[in-house]
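Structural features, examined
Below, each chain spelled out in residue letters.
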Amino acid sequence: MHGPLPTADGRPPLVMIGQPMDATGSTTLASYFPDRTVITYDPRGLGRSTRQDGRVDSSPTVQAADVHAVIEAIGAGPVEMFASSGGAITALALVTAYPDDVTTLVAHEPPLNSVFPDAEAATRARAGVRDVYEAKGSNAGMAAFIGMTSWQGEFTEDYFAQPAPDPASFGMPSEDDGTRGDPLLSDRSWAVSGYQPDVEALTAASTRVVIAVGEESAGTITARTSVAMAELLGQQATVFPSHHGGFAGPEFGYPGQPEAFAHTLRAVLDGQAG
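Residues numbered from 1 in each chain as written. Predicted model: local features only at pLDDT ≥ 70, side-chain atom pairs only at ≥ 80, totals over all residues. Heavy atoms only, no water.

The strand order across the open sheet built from six strands is E2-E1-E3-E4-E5-E6, with neighbouring strands paired in parallel fashion. Two strands bound the open sheet, and with one partner strand each, they are strand E2 (38–40) and strand E6 (238–240). Averaged over all pairs of adjacent strands, the angle between strand axes in this sheet comes to 25°, irrespective of strand direction. Bridge count between strand E1 (residues 14–17) and strand E3 (residues 79–84): four bridges; the pairing is parallel. Following the sheet pairing, Leu14 is matched in E3 by Glu80. Against the sheet, helix H3 (residues 86–97) makes contact with E1, E3, strand E4 (102–108) and strand E5 (208–214), and its axis sits at roughly 140° relative to E3, the strand it touches most. (Pairing = 2+ DSSP bridges. Helix = DSSP H or I, 4+ residues; strand = E, 2+ residues; numbered from the N terminus. Axes fitted to C-alpha atoms, helices over the stretch in contact; angles between N-to-C directions. Contact = heavy atoms within 4.5 Å.)

Have a look at this one:
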């Protein structure tokens, strides 16, 4: 928790969540909201969170219940929320199940494979990343993941005809590191990208839902899912600066434009955009 409760400005706390990003991924973005009380969160089994349920998979509905429990625990809801990637999917599940928890949700690039026409091909591409990871480890798996997420447009046979990307082309070693449990590269995250949003519940909720997309993401899978999800909700995706991780600083090796991103987020939360 960054800031006091009750909040100094009288506004609701601003909750920031990601998936598979833990709370450290929100550090830079939170620093641009010194006037707000910001709550960051480690999803179940990530970061500081140790699972006790005997499972390794990720379920948006389970994680939505976890976030609901956090909001109840801080006792300051309803909250405003910025949620990115898989965290945006958790947030959509949260609004579906607990519509009184959130006043405004900014859902940034939710990777919802189920919402666009080539969903079957996208699911096949996702399986291809898992297969490379299982065969050759995290360096090869991450190269395959980058190749999938940077592909422009629908997943055609041209995509599947490509050889698996060489990790060295992304500055990574080619050796197999022996790991097979990465939540992003394995099938542990498939429940996240395979989540079926309840459009009727989302549109019926009192929560103001804003679907956001990075300006540099145009044509990629997460941009296309964002545009498709926004259309299902009867809106246009709101364009934010930078890429899929555009809110992040240099600590993760692929910095975005966090100051500009924060400026846009503040405007959306204040009702001046989106």
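For the rest of this paragraph, the subject is helix H10 (residues 258–269). The end-to-end C-alpha distance of H10, which contains twelve residues, comes to 16 Å, matching closely the 16 Å that a straight helix rising 1.5 Å per residue would cover. Regarding H10, the residues found buried are Pro258, Phe261, Ala262, Thr264, Leu265, Ala267, Val268 and Leu269. The secondary structure elements touched by the buried residues of H10 are E1, helix H1 (27–31), E3, E4, E5 and E6. Backbone geometry just after H10 places Gly271 at a positive phi near 80°. (Expected span 1.5 Å × (residues − 1). Buried < 20%, exposed > 50% of the residue type's maximum accessible area, 1.4 Å probe, protein only.)

Tracing the backbone through its elements, the reader meets Pro60 in helix H2 (residues 60–74). Classification of Pro60 as buried rests on a relative accessible area of 4%. Excluding residues that lie within four positions of it along the chain, Pro60 makes contacts with Ile89, Thr90, Ala93, Ala191, Val192 and Tyr195.

Moving on: the pairing of E3. In terms of burial, E3 is a largely internal element, six of the six residues being buried. Residues Val79, Met81 and Ala83 point to one face of E3 and Glu80, Phe82 and Ser84 to the other, with burial holding for every one of them. Regarding the hand of the β-α-β motif, the stretch spanning E3, H3 and E4 is right-handed. (Right-handed = clockwise from strand over helix to strand, strands pointing away.)

This part is about the pairing of E5. For E5, the tally of buried residues reaches six of seven residues, placing the bulk of the element in the interior. With five bridges joining them, E4 and E5 adopt parallel strand pairing. Its bridge partner lying in E5, Ala107 is registered against Ile211. When E5 meets E6, the two strands line up parallel, connected through three bridges. The residue bridging Val213 from the neighbouring strand is Val239, located in E6.

Time to look at the packing of helix H4 (residues 119–136) against helix H5 (residues 138–150). Contact geometry for H4 and H5: axes closest at 7 Å, N-to-C directions at 165°. In this view, H4 runs roughly antiparallel relative to H5, as classed from their interaxial angle. The handedness of the crossing between H4 and H5 comes out as right-handed. Residues Ala125, Arg126, Val129, Val132, Tyr133 and Lys136 of H4 pack against Ser138, Ala140, Gly141, Ala144, Phe145 and Met148 of H5. Considered class by class, the residues forming the contact of H4 with H5 number eight nonpolar, two polar and two charged. (Parallel < 35°, antiparallel > 145°, perpendicular 65-115°, else oblique. Left-handed = near helix turned anticlockwise from the far one by under 90°. Nonpolar A, V, L, I, M, F, W, Y, C, P; charged D, E, K, R; others polar.)

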